[in-house]
Amino acid sequence: MLDINKIRADFPILKREVNGRPLIYFDNAATSQKPIQVIEKIVEYYTHYNANIHRGVHSLSQEATDHFEGAREKVRAFFNIPQCKQVIFTSGNTHSINAVASGAHVFVNKGDEVIVSAVEHHSNIVPWQMLCERVGATLKVIPVLDNGTLDMDSYHQLLNPKTAFVVVNHISNALGVTNPIKEIIAAAHRHGAMTLIDGAQSCAHMKVDVQAIDADFYTISGHKMCGPTGIGVLYGKEEALNSLPPYQGGGEMIDQVSFEKTTYAGLPHKFEAGTPNIAGGIALGAAVDYLNEIGMENIAAYENELLIYATEQIKTIPGAKIYGDVTDKAAVISFNVASLHPYDIGTIIDKLGVAVRTGHHCAQPVMDRFEIPGTVRASFAFYNTKEEIDVMVQALQRAVNMLS
Ligand SMILES: *Cc1c(COP(=O)(O)O)cnc(C)c1O
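Just so you know, these numbers come straight off a predicted model, no measurement behind them.

Domain annotation of the chain identifies domain 1 (4-26 + 295-403) and domain 2 (49-292). Distance between the C-alpha centres of domain 1 and domain 2: 28 Å. Taken together, the 31 residues of domain 1 in the interface contact 29 residues of domain 2. Taking both sides of the interface into account, the surface hidden between domain 1 and domain 2 amounts to around 2,400 Å²; carbon and sulfur atoms contribute 60%. Per-residue buried area on domain 1 facing domain 2 is highest for Met 296, Cys 362 and Arg 369; these three make up 24% of the total on that side. Connecting domain 1 to domain 2 are one salt bridge. A salt bridge links Asp 146 to Arg 369; the shortest N-O distance between them is 2.8 Å. Along the contact surface separating domain 1 from domain 2 lie 14 residue pairs in polar contact (both at pLDDT 80 or more). Those elements that place two or more of their residues in the side of domain 1 that touches domain 2 are α12 (296-315), β14 (332-337) and α14 (364-369). Its residues placed into classes, the side of domain 1 that touches domain 2 shows 17 nonpolar, six polar and eight charged.

Structure (structure tokens):
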């Protein structure tokens, strides 16, 4: 279905070697590689129409603005966001979450409760802890079951009239498990609570439709979906974004400024203080074009094939244990082998050219839940192959032989 050779040729980095071996890049959950179309877009911007946007009457500024706003429209369509003004460009997923959490005192009062899940990335825990401290609210946690899925019975019991906000990820970066977010959001709404979904993983691996999901806020990481680092997106329902106070003050986000009173600009500018990452936004538009050309459904289907194959292969290693081994998940495999330290495994297979992540993956609470210091995490993208998985499994076998 996918022309893998053609796709791989688009990613210059896949031609390089690491430690004398062809690079096998299985750390896509940390950041994706970039196709030449995205890299060239950054060069094109700085070479041909670098100027500040929304400000100048001069032609160059208008050209830059057109490209930047064109990218906003691409992002809008990609996630089925109703209007361009609901696409807020941020510096990344973490910034998007913080932009909401720091203004969320308008939704969360003293004595209220904020629900997070036990499988969140630190960037979807800490900003909410800070909010709770600031307003005198309480953080509640949806527990995770032994198979890595959320304990939905506990979630439904946690909901009550004091619940003001529910925040969960769409797909966990630590385990790869897809959460039942439609059910989570619908239940939150029945209790009058707002919702934020961390889409940093889902944006790269599946077709996301923010309207079908009905989330109040949805956050996106550009660099996880073939875009550059330093660019992300915050989506919000129009009413929610209008209620949310701005996170940063400065240029671009104002309507009128005087020392007596400043009024804010409308959406999306209210949340885009200062000069944004213009090149990053434009290049994210190129990433969206690239993913559209391949098709998110095709990407999801192919990555699922890789997931099933790799899961089978890893299970042939004696002592291997996969965390979050369920069917409804993205191509992320978090595992350990017997009592070997994940770091030692990662170091040895890196010598063999295989890049995986080891450690707690910025999700320490879920590691504590399974009483492990961390895992080895192999996370795949649509430019990976079964042959690469075979090399990884051989490398793992070698590492296990050396370490045990
Ligand atoms: C990567 C990731 C984040 C953090 O995103 P940044 O791009 O580093 O800001 C948050 N949540 C999840 C689920 C992630 O995968």
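Next comes the rest of the account.
Taking 1.5 Å as the rise per residue, helix α11 (residues 278-294) with 17 residues should run 24 Å; its terminal C-alpha atoms sit 25 Å apart, in good agreement. With respect to burial, α11 is a largely interior element, 14 of its 17 residues being buried. Measuring from the side-chain oxygen of the N-cap residue of α11 to the backbone nitrogen of Gly 280 gives 2.7 Å; that N-cap residue is Asn 277.

Any aromatic ring pair is given by two values, namely how distant the centres are and how the planes are angled relative to each other. Within the structure shown, the criterion is met by 15 aromatic pairs. Summarising the aromatic geometry, the rings of Phe 11 and Phe 382 are spaced 6.0 Å apart at their centres and angled 70 degrees between planes, so their arrangement reads as edge-to-face. With Phe 11 in the loop between α1 (4-9) and β1 (17-18) and Phe 382 in the loop between β17 (375-379) and α15 (386-403), the pair connects residues that are 371 residues apart, well separated along the chain. What makes Phe 11 buried here is its relative accessible area of 0%. Aromatic pair Phe 68 and Phe 89: ring centres 4.9 Å apart, planes at 50 degrees, arrangement tilted. Taken together, the positions of Phe 68 in helix α3 (residues 59-78) and Phe 89 in strand β4 (residues 87-90) put the pair 21 residues apart, joining distant regions of the chain. A residue is classified by how much of its surface remains accessible, and Phe 68, at 0% relative accessible area, is buried. Members of the aromatic cluster, connected to one another through ring pairs, are Phe 11, Tyr 290, Phe 382 and Tyr 383. Across from the ring centre of Phe 78, 4.7 Å away, lies the NZ or CZ of Lys 207, which sits over that ring.

Residues in close proximity to the ligand include Asn 93, Thr 94, His 121, Ser 123, Asn 173, Asp 198, Ala 200, Gln 201, Ser 221, His 223 and Lys 224, which together make up its full environment. A distance of 3.1 Å separates an oxygen atom of the ligand from a polar atom in the side chain of Ser 221. When atoms are counted within 2 Å of each cavity's grid points, the one that captures over half of the ligand is the largest pocket. Classifying every residue of the shell around the ligand gives one nonpolar, eight polar and two charged.

Before going further, it helps to examine the pairing of strand β7 (residues 163-169). Among the seven residues that make up β7, seven are buried, leaving the element largely enclosed by the rest of the structure. Where β7 and strand β8 (residues 194-198) come together, five bridges link them in parallel fashion. Pairing of Phe 165 across the sheet is with Met 194, part of β8. Tracing the backbone out of β7, into helix α7 (residues 181-190) and back to the parallel element β8 gives a crossover that is right-handed.

Attention shifts here to unusual backbone geometry. Note on backbone geometry: most residues besides glycine have negative phi, and most peptide bonds are trans. Residues Leu 267 and Pro 268 are joined by a peptide bond in cis, for which omega reads 0 degrees. With respect to the element layout, Pro 268 can be found in the loop between β12 (262-264) and α11. Positive phi is not limited to glycine here, since Asn 80 has a value of about 50 degrees. Take Asn 80: it is sitting in the loop between α3 and β4. Look at Asp 214: it is not a glycine, yet its phi comes out positive at around 70 degrees. Its location among the elements puts Asp 214 in the loop between α9 (210-213) and β9 (217-221).

By the element assignment, Leu 23 lies in the loop between β2 (21-22) and β3 (24-25). Residue classification places Leu 23 among the buried positions, given a relative accessible area of 8%. Note: C-alpha distance between Leu 23 and Ile 322 (299 residues apart in sequence) is 24 Å. Apart from the residues lying within four places of it in its own chain, the contact partners of Leu 23 are Ile 13, Arg 16, Glu 17, Val 18, Gly 353, Ala 355 and Glu 388.

What the four strands build is an open sheet, ordered β13-β14-β17-β16; its pairing is antiparallel. Sheet topology places β13 (320-323) and β16 (357-359) at the edges, where each strand pairs with a single neighbour. With strand direction ignored, the average angle separating the axes of adjacent strands in the sheet is 30 degrees.

Rules used throughout
Residues numbered from 1 in each chain as written. Predicted model: local features only at pLDDT ≥ 70, side-chain atom pairs only at ≥ 80, totals over all residues. Heavy atoms only, no water. Domains from an automatic or database assignment. Contact = heavy atoms within 4.5 Å. Buried area = accessible area lost by both parts, 1.4 Å probe. Salt bridge = Lys/Arg side-chain N within 4 Å of Asp/Glu carboxyl O. Polar contact = N/O pair within 3.5 Å; in protein donor to acceptor, adjacent residues only side chain to side chain. Helix = DSSP H or I, 4+ residues; strand = E, 2+ residues; numbered from the N terminus. Nonpolar A, V, L, I, M, F, W, Y, C, P; charged D, E, K, R; others polar. Expected span 1.5 Å × (residues − 1). Buried < 20%, exposed > 50% of the residue type's maximum accessible area, 1.4 Å probe, protein only. Phe/Tyr/Trp six-rings, centres within 6.5 Å; stacked < 30°, edge-to-face > 60°. Lys NZ or Arg CZ within 6 Å of the ring centre and 35° of its normal. Near = heavy atom within 4 Å. 1 Å grid on protein atoms, 1.4 Å probe; cavity = no way out; pocket = protein on both sides within 12 Å on 5 of 7 lines; lining within 4 Å. Sits in = over half its atoms within 2 Å of the grid points. Pairing = 2+ DSSP bridges. Right-handed = clockwise from strand over helix to strand, strands pointing away. Axes fitted to C-alpha atoms, helices over the stretch in contact; angles between N-to-C directions.

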